Amino acid sequence: MECVLLLLMVTACAAITQDLSGKMFTFPQETNTAYVKLTPKIVDFGAITVCLRTITDLNRNYALFSLSATSSHNAFLIFKPTTDGIEIYVHDQAETFGGEDYKVNTWHSICSTWDSVTGVAQLWLDNKPFIRKYVGGARIKMPSIIIGQEQDSHGGGFDKTQSFVGMMSDVHMWDYTLSTCEIQKYMLDRNLTPGNVLNWKALDYKTYGRVLTEQKTTCSCTE
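Residues numbered from 1 in each chain as written. Predicted model: local features only at pLDDT ≥ 70, side-chain atom pairs only at ≥ 80, totals over all residues. Heavy atoms only, no water.

### Overview of the state of the cysteines
Okay, so step 1: This structure, assessed with the given rule, holds 1 disulfide.
Okay, so step 2: Bridging Cys-51 to Cys-111, the disulfide has an S-S length of 2.0 Å. Across the disulfide from Cys-51 to Cys-111, rotation about the S-S bond amounts to roughly 115°, and the bridge is consequently right-handed. Here the residue Cys-51 occupies a position in strand β5 (residues 47-55), and Cys-111 occupies one in strand β10 (residues 108-115), the gap between them amounting to 60 residues.
Okay, so step 3: Relative accessible area serves as the criterion here: at 0%, Cys-51 is assigned to the buried category.
Okay, so step 4: Note on Cys-111: relative accessible area 0%, which makes it buried.
Okay, so step 5: Free of any disulfide, Cys-181 has its nearest cysteine sulfur in Cys-111, 13 Å distant.
Okay, so step 6: By relative accessible area, Cys-181 is classed as exposed at 54%. (Disulfide = S-S within 2.5 Å. Helix = DSSP H or I, 4+ residues; strand = E, 2+ residues; numbered from the N terminus. Buried < 20%, exposed > 50% of the residue type's maximum accessible area, 1.4 Å probe, protein only.)

### What to know about the pattern of salt bridges
Okay, so step 1: By the definition in use, this model includes 6 salt bridges.
Okay, so step 2: Among the ionic pairs, Glu-30 bridges to Arg-60, the shortest N-O distance being 3.0 Å. On the criterion of sequence distance, the pair formed by Glu-30 in the loop between β2 (23-27) and β3 (35-38) and Arg-60 in the loop between β5 and β6 (62-69) is long-range, its members being 30 residues apart.
Okay, so step 3: Since its relative accessible area comes to 37%, Glu-30 is described here as partly exposed.
Okay, so step 4: Accessibility expressed as a relative area gives 18% for Arg-60, which makes it buried.
Okay, so step 5: Arg-139 is the partner of Asp-44 in a salt bridge, and the nearest nitrogen-oxygen pair spans 3.0 Å. (Salt bridge = Lys/Arg side-chain N within 4 Å of Asp/Glu carboxyl O.)

### Some details on the pairing of strand β15 (residues 144-147)
Okay, so step 1: Residues Ser-144 and Ile-146 line one face of β15 and the alternating positions Ile-145 and Ile-147 line the opposite face, and both faces are buried.
Okay, so step 2: For β3 and β15, the ladder comprises 3 bridges, and the chain directions are antiparallel. Along β15, the bridge assignment pairs Lys-37 with Ile-146.
Okay, so step 3: Sheet topology places β6 next to β15; 3 bridges connect them, and they run antiparallel. By the bridge assignment, Ser-66 is partnered in β15 with Ile-146. (Pairing = 2+ DSSP bridges.)

The structure is reproduced here in structure tokens:
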């Protein structure tokens, strides 16, 4: 009975809504079992903006943000390939945003937008906008949203060679395209309007496998 009660308590603690201000998710090893499942407040999208901050030492390909729908596994995917650039997938169609200065062991701020009316996507990296590119795509419905892994099926199909190893923080998602000024506010960490789909300050999430929730590391120590 005690073991059953303990299991129920652990399960309840794993699925929570929490203010993660000043915190980060740490993915400390390559695996196909460690990830965070994010529960959105809205499940039908005609437009998307996703912003996040990340640090890693990986030199292989890996997923930064994976949104799968029943109609397409890569309904909205932010992916870092081994080659130059960052890829944005919409309904399994990809465009590469290249020429970036993406250093390892450095915190990076990333935002991506997409609109189904124009079919255009855009990437921002560390307050630098890239050119707008056409990826097409219809509305996205009934999402499964995961960070730490890339979904090859709806809610699963993980491959450890595409897993994320590092730290991630300040994940927000909106069901509209943020203005340039709002994206700059995110990049500079200034009075951002929180995501209305995913809000880091009130995040509904559940961790699986070896994922740590820790205070975000800084270099502001004093003697």
